[in-house]
Amino acid sequence: MPVWIQAGLWGLLAGGALVLGAAVAWWAHVPRKVVASIMAFGAGVLISALSFDLVDEAERTGGLLPTVIGFLAGAVVYLAANLVLAKHGARHRKRSGDEQPSETEQGGSGAAIAIGALLDGIPESVVLGLSLLGGGGVGVPVLAAIFISNLPEGLSSSAGMKGNGRGPGYVFGVWIGIAVASGTAGLLGCLLLDGASDGTIAVITAIAAGAILTMIADTMIPEAFERTHMYAGLLATLGFLTSFAISRAG
């Protein structure tokens, strides 16, 4: 099977965790504290993958300066896009309570939330596709981190969507669409960058990593801390150690 198809399938699998989380939120009542706890754990998992797989790999293959530039660029671009989306109602897109606005409260918020969720997922899928370019197979720690973090994202955000009157067509349409887009992003990331220089891949990996870290701080940690308070740090630490153990075991 061509590597770029593998990248697309792995991206689809990772994005599928969002749909799984949405299904749990739609058909079962999950206490907000439980959702927030899983969110804190997922944040720690992603931070570990960023530290020991993405940024470290980018620096080793492309050098420190390209990595720093790419990392900062990813953070700035994500922040700029997130600020625009926040003005249109997507500020609390990962919240599981009534913080998300309904369409009657803010017109266009549904589209903004959907685009915001897509903004959160694309960088993860791109780096997943890039992990296949070395010929050693998919990066298991990165895949595990994305899947584990996507599950509470889909759960929390879908609970908020449902609580604000959005129907199943919208909720599952958003997450299925993003799962497909995640697979497409992984496929394109692998296909378009096959044969690219180490420096180019390092910069793009760093850009995605910077965007992911900004997303964690802007959207995941606030939801986690709001309900778990002082336990958020411990739960994130456990997630960090779990991801670190997976990377070393691999």
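Residues numbered from 1 in each chain as written. Predicted model: local features only at pLDDT ≥ 70, side-chain atom pairs only at ≥ 80, totals over all residues. Heavy atoms only, no water.

**Q** Tell me about the packing of helix H2 (residues 32–62) against helix H5 (residues 140–163), residues and numbers included.
**A** For the pair H2 and H5, the least separation of the axes is 8 Å and the interaxial angle reads 155°. Classified by the angle their axes make, H2 and H5 are roughly antiparallel. Note on packing geometry: the crossing formed by H2 with H5 is left-handed. Of the residues in H5, those touching H2 at Val35, Ile38, Met39, Phe41, Gly42, Val45, Leu46, Ala49, Asp53 and Leu54 are Pro141, Val142, Ala144, Ala145, Ile146, Ile148, Ser149, Pro152, Glu153, Leu155 and Ser156. In terms of residue class, the contact of H2 with H5 is made up of 16 nonpolar, 3 polar and 2 charged. (Axes fitted to C-alpha atoms, helices over the stretch in contact; angles between N-to-C directions. Helix = DSSP H or I, 4+ residues; strand = E, 2+ residues; numbered from the N terminus. Parallel < 35°, antiparallel > 145°, perpendicular 65-115°, else oblique. Left-handed = near helix turned anticlockwise from the far one by under 90°. Contact = heavy atoms within 4.5 Å. Nonpolar A, V, L, I, M, F, W, Y, C, P; charged D, E, K, R; others polar.)

**Q** With reference to specific residues and values, describe the UniProt feature "transmembrane region" (unreviewed entry) in the chain.
**A** Those places that UniProt annotates as "transmembrane region" (unreviewed entry) correspond, in this numbering, to residues 6–27, 34–52, 64–85, 126–149, 169–193, 200–217 and 229–247. The span residues 6–27 is 100% helix and 0% strand, and its two end C-alpha atoms sit 32 Å from each other. Along residues 229–247 the backbone is 89% helical and 0% strand, and the end-to-end C-alpha distance reaches 28 Å. (UniProt positions renumbered as here; feature names shortened; annotations may be inferred.)

**Q** Would you mind going over the side chain of Thr214 in detail, with residue names and values included?
**A** Following the sequence through the fold, Thr214 ends up in helix H7 (residues 198–228). When its relative accessible area of 15% is taken as the criterion, Thr214 is described as buried. Within the structure, the side chain of Thr214 is placed 2.8 Å from the backbone oxygen of Gly210, a separation counted as a polar contact. Excluding its chain neighbours within four sequence positions, the residues that come into contact with Thr214 are Ala75 and Tyr78. (Buried < 20%, exposed > 50% of the residue type's maximum accessible area, 1.4 Å probe, protein only. Polar contact = N/O pair within 3.5 Å; in protein donor to acceptor, adjacent residues only side chain to side chain.)

**Q** Explain the nonpolar core to me, using residue names and the numbers behind them.
**A** One finds Leu46, Leu54, Ile212, Met215, Ile216 and Met220 to be the most contacted residues of the largest nonpolar core, which totals 26 residues. Those elements that provide at least two residues to this core are H2, helix H4 (109–130), H5, H7 and helix H8 (231–249). Of all hydrophobic cores here, the second largest spans 10 residues; its members include Ala22, Ala117, Val171 and Trp175. (Core = buried A, V, L, I, M, F, W, Y, C linked by side-chain atoms within 4.5 Å.)

**Q** Describe the pattern of salt bridges, naming the residues involved and giving the relevant values.
**A** Under the defined criterion, the tally for this structure stands at 2 salt bridges. The partner of Asp56 in a salt bridge is Arg60, and the shortest N-O contact between them spans 3.2 Å. Linking Asp56 with Arg60, this pair stays in helix H2, spanning 4 residues, or about one helical turn. Under the relative-accessibility criterion, Arg60 is labelled exposed at 55%. In this structure, Glu57 engages Arg60 in a salt bridge whose closest nitrogen and oxygen atoms are separated by 2.5 Å. Pair noted here: Glu57 and Arg60 are both in helix H2, with a separation of 3 residues, about one helical turn. One continuous salt-bridge network, built from bridges that share partners, spans Asp56, Glu57 and Arg60. (Salt bridge = Lys/Arg side-chain N within 4 Å of Asp/Glu carboxyl O.)

**Q** Any details on the packing of aromatic side chains? Residues and values, ideally.
**A** In this structure the tally under the stated criterion is 4 aromatic pairs. Relative to Phe244, the ring of Phe52 lies with its centre 4.8 Å away and its plane at 55°, an arrangement referred to as tilted. Of this pair, Phe52 sits in helix H2 while Phe244 sits in helix H8, and the two are 192 residues apart along the sequence. Among the aromatic residues, those joined into a cluster by ring pairs are Trp26, Trp27 and Phe172. A cation over a ring is seen here: Lys162 above Trp26, with NZ or CZ 5.1 Å from the ring centre. (Phe/Tyr/Trp six-rings, centres within 6.5 Å; stacked < 30°, edge-to-face > 60°. Lys NZ or Arg CZ within 6 Å of the ring centre and 35° of its normal.)

**Q** Describe the environment of Leu191, and please don't skip the residues or the numbers.
**A** By secondary structure assignment, the location of Leu191 is in helix H6 (residues 168–193). Residue Leu191 is classed as partly exposed on the basis of its relative accessible area of 40%. Distance from Leu191 to Ile5, taken between C-alpha atoms, is 8.7 Å for residues 186 residues apart in sequence.

**Q** Explain H2 to me, and be specific about the residues and the numbers.
**A** For an α-helix, the turn length of 3.6 residues means that residues three or four places apart are oriented alike. In this model, H2 (31 residues) spans 42 Å end to end at C-alpha, consistent with the 45 Å of a helix rising 1.5 Å per residue. The largest bend in H2 comes to about 40°, at Leu50. Following H2 by one or two positions, Gly63 adopts a phi angle in the positive range, close to 100°. (Expected span 1.5 Å × (residues − 1). Bend = angle between axes of the 7 residues up to and from the residue.)

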